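Tertiary structure, described
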Amino acid sequence: MGLTLTEKILNAHIVDGEAVRGSEIGIRIDQTLTQDATGTMAYLEFEAMGIPRVRTEKSVAYIDHNTLQSGFENADDHRFIGSIAKKHGVYFSRPGNGICHQVHLERFGIPGKTLIGSDSHTPTGGGLGMIAIGAGGLDVAVAMGGGAYYITYPKIVKVNLTGALSSWCSAKDVILEVLKRLTVKGGVGKVIEYCGEGVKTLSVPERATITNMGAELGATTSIFPSDEITKEFLKAQKREEVWTALSADPDAVYDEVVEINLSEIEPAAACPHSPDNIKSVSEIGNMKIDQVCIGSCTNSSLLDMLKVAHILKGKTVHPDVSLSIAPGSKQVLNMLAKCGALSDLIDAGARILESACGPCIGMGQSPNSKGISLRTFNRNFEGRSGTKDGQIYLVSPEVAAVSALTGVLTDPRTLGEMPKFELPEEFIINDNMVVPPAPESEAGSVEILRGPNIKPFPKTSPLEDEIECKCSLKVGDNITTDHIMPAGAKILPLRSNIPAISKHCFTVCDESFPERAESLGKSIIVGGANYGQGSSREHAALAPLHLGVKAVLVKSFARIHRANLINAGILPLTFKNEADYEKIAQGDDLKIENLIASVKEGKDIVIKNITTGEEIPCECDLSGRTKAIILSGGLLSYTKENI
Ligand code: MIC
Ligand code: SF4
């Protein structure tokens, strides 16, 4: 029986467990990436493990998220990460060099390799034929130390692409179509593998747009084959030597098949406030807009920018619209400058931002109140833009650019036939903003630069046999990590300071939660389905840990967040019967007994609701390794014990 591409790469990297769907496997990690908003914690954790030098083939630390520097905190984090990278063997991509996923695709990704990153959009690397997975910072720290990365052996979904995109229809519209069909929960436990004749019609940056937003499906990752188009891209990046041809066997067996005819794809938008709330642009109609933001790791490649520049050339941004553009990397920005396209953007009235995440993570450019903002980004969760009642629509760069001119949501096909946009045969290569690590012999003399905002990793303690506490918060379905641990310009500077950032935990849902949880000392959170979807930020587990949360009981979890809870030593519980969700109210007194034996033996855990007298059976579903992690109080203590 033939193998899928996912199986070929995963199986070649398994170091623990067996290639059986649904069972836990440990894989060897070839490359890691971190970004600064999760990186400080990841490197503090790496430091705490006491391993002097990273043991991966390549590890890169990027500075791209917190670049606003409205106080000393961000700049201190940058210096800390730069110094620790130098000491421990990590390449350091300086602020200004670009968004981690875009730069990694350009300069470091290698077909067939495994990559984990402390950012949920790490699957961007799947556009090059990598198995690239988003993970919590602690998992990345362990992988840097040479430890395996553990996942559930995924189901594999084939997306069979046929036909070719019509004029002005875009890779973004393809992934929006996949999101429409599969929803934000549809990818959980799965890898999405793109195959079929249509693959040949898509360039590497277009493939990367699609794999990037696979994160919004909840998928473990997404992947494209590595073919002649991949080779051309790597050749243009002067990295042809890392190319290998990779694809699924013709008789590979998939768990599910989704058919997509690219010729039928139409310009679409994800409407507020979820990436799977998809409508076609024509269905929404000519809605008046206030703002357009172009950029983010989803749509900031040279190809995207050249299309935007072509649309804007010689025109002026509509008087009622603010247009900002953040090219994804120094390479993209430099190439736009050299070919003159940057001048077309500036001339049209675009506000050019630095190559960083910027507005995507609420670092500036928040829309006006109730403002309608079209963004080429990947997430439109409520409040993420920094404006609570902002209405964010996720669209392609083509839709964004043409709408910025007309002032209303506009179908780019009104522009007529699209000229052919080609990638250059050679990109401008200059890695002068990537600082290599100090040679091992000199590492001892590298001083780590620690600012006053950088506080140590919170204390964890081994699992207690009995928990008696209140339900401190009850929330509904599809709670995102942006609800649990909001980002944005005010809160992001606190990423290295868990006690301080914890004061903002869940405030989007309930202003009084942090104070209540802290004064209770111990508590349990209750939630609905797909709890913790979205980002990889382990702060969404570390802040509840700091506030005394002992267990989270929900209908179902998103993958990375569940792993982060386990890593923090917080018990992830699911209702055995979803209807029991109704049997607990916020403020109820709860009790769990015989916890240690139940976890060890994998038995159901019974929560007694002392307030109502009801008993609620719950599942914990831990593997041998995750049981041990929970028992010892989290991955850091487990790793220290087992090193
Ligand atoms: C995001 O897009 O939500 C982020 C900010 O990149 C996060 C990481 C973080 O919270 O630092 C992610 O996607 O993992
Ligand atoms: Fe940065 Fe936005 Fe991409 Fe997250 S989704 S890595 S914030 S650009």
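Described below are features of the structure shown in this document. These numbers were taken from a predicted model, which means no experiment stands behind them.

Taken as a whole, helix α21 (residues 635-642) has its buried residues at Leu635, Leu636, Ser637, Tyr638 and Thr639. Buried residues in α21 make contact with α2 (36-49), α5 (137-144), α18 (559-567) and α20 (624-632).

Turning to its location among the elements, threonine 507 is positioned in the loop between α15 (498-501) and α16 (513-520). Its relative accessible area of 18% is what places threonine 507 among the buried residues. Within the structure, threonine 507 has its side chain in polar contact with the backbone oxygen of histidine 504 (distance 2.8 Å). Setting aside its immediate chain neighbours within four residues, threonine 507 contacts His483, Pro486 and Pro514.

Attention shifts here to the packing of aromatic side chains. What describes a pair of aromatic rings is the distance from one ring centre to the other and the angle between the planes of the rings. In total, this model carries 6 aromatic pairs according to the counting rule given. Between phenylalanine 233 and phenylalanine 427, the aromatic rings sit 5.8 Å apart at their centres with planes inclined by 70°, giving edge-to-face as the arrangement. Of this pair, phenylalanine 233 sits in helix α8 (residues 228-236) while phenylalanine 427 sits in the loop between α13 (397-406) and β20 (434-435), and the two are 194 residues apart along the sequence. Here phenylalanine 233 and phenylalanine 427 have matching classes, each one buried. When the ring of phenylalanine 506 is compared with that of phenylalanine 513, the centres are 5.5 Å apart and the planes differ by 80°; the resulting orientation is edge-to-face. When sorted by exposure, phenylalanine 506 lands in the same class as phenylalanine 513, which is buried. Over the face of the ring belonging to tyrosine 581 we find lysine 555, whose NZ or CZ atom lies 4.5 Å from the ring centre.

With that out of the way, let us pick up the packing of α20 against α21. One way to put it is that α20 packs onto α21 with a least axis distance of 7 Å and a crossing angle of 105°. Classified by the angle between their axes, α20 and α21 sit roughly perpendicular to one another. Across the interface between the two elements, Arg625, Ala628, Ile629 and Ser632 of α20 pack against Leu635, Ser637, Tyr638 and Glu641 of α21. Of the residues in the contact of α20 with α21, the class split is 4 nonpolar, 2 polar and 2 charged.

With that settled, the discussion passes to the sheet that holds strand β11 (residues 221-223). Hydrogen bonds between backbone atoms are what pair the strands of a sheet, whose relative direction is either parallel or antiparallel. What the 4 strands build is an open sheet, ordered β11-β10-β9-β12; its pairing is parallel. The open sheet has two free edges, formed respectively by β11 and β12 (256-261), since each of these has just one partner strand. Neighbour to neighbour, the strand axes of the sheet diverge by 20° on average, direction disregarded. Here 6 bridges tie strand β9 (residues 155-162) to strand β10 (residues 190-195), and the two strands are oriented parallel to one another. Residue pairing in the sheet places valine 157 in a bridge with isoleucine 192 of β10. Sheet contacts for helix α6 (residues 171-182): β10 and β12; angle to β12, the most-contacted strand, approximately 135°.

To continue, consider the site of ligand 1. Ligand 1 sits among 14 residues. The nearest are Asp119, Ser120, Arg495, Ser536 and Arg537. One of the side-chain N or O atoms of glutamine 35 is found 2.9 Å from an oxygen atom in ligand 1. In the model, an oxygen atom of ligand 1 is placed 2.8 Å from a nitrogen or oxygen of the arginine 495 side chain. Here ligand 1, which alone exposes 340 Å², has 97% of that area covered by the protein. When its residues are assigned to classes, the shell around ligand 1 shows 2 nonpolar, 7 polar and 5 charged.

The next thing to look at is the sheet that holds strand β6 (residues 114-117). In spatial order, the strands read β7-β6-β3-β4-β5-β20; together these 6 strands make up an open sheet with mixed pairing. Taken across any chain shown, the strands that pair with only one partner, and hence form the sheet edges, are β7 (131-134) and β20.

Residues Phe506, Phe513, Tyr531, Val552, Leu571 and Leu573 are the most contacted members of the largest nonpolar core, which totals 97 residues. Among the elements that make up this core, the one with the highest residue count is α5 (6 residues). Not counting residues up to four positions away in its chain, the partners in contact with phenylalanine 513 are Ser472, Leu473, Cys505, Phe506, Ile525, Leu547 and Val549. If you look at the next biggest cluster of nonpolar residues, it comprises 60 residues, including Phe108, Ala269, Leu302 and Ile325.

Criteria and cut-off values
- Residues numbered from 1 in each chain as written.
- Chains lettered and ligands numbered in written order.
- Predicted model: local features only at pLDDT ≥ 70, side-chain atom pairs only at ≥ 80, totals over all residues.
- Heavy atoms only, no water.
- Buried < 20%, exposed > 50% of the residue type's maximum accessible area, 1.4 Å probe, protein only.
- Helix = DSSP H or I, 4+ residues; strand = E, 2+ residues; numbered from the N terminus.
- Contact = heavy atoms within 4.5 Å.
- Polar contact = N/O pair within 3.5 Å; in protein donor to acceptor, adjacent residues only side chain to side chain.
- Phe/Tyr/Trp six-rings, centres within 6.5 Å; stacked < 30°, edge-to-face > 60°.
- Lys NZ or Arg CZ within 6 Å of the ring centre and 35° of its normal.
- Axes fitted to C-alpha atoms, helices over the stretch in contact; angles between N-to-C directions.
- Parallel < 35°, antiparallel > 145°, perpendicular 65-115°, else oblique.
- Nonpolar A, V, L, I, M, F, W, Y, C, P; charged D, E, K, R; others polar.
- Pairing = 2+ DSSP bridges.
- Near = heavy atom within 4 Å.
- Areas by Shrake-Rupley, 256 points an atom, 1.4 Å probe, with all protein chains shown as cover.
- Core = buried A, V, L, I, M, F, W, Y, C linked by side-chain atoms within 4.5 Å.

Purely spatial values, then, with no claim about function.
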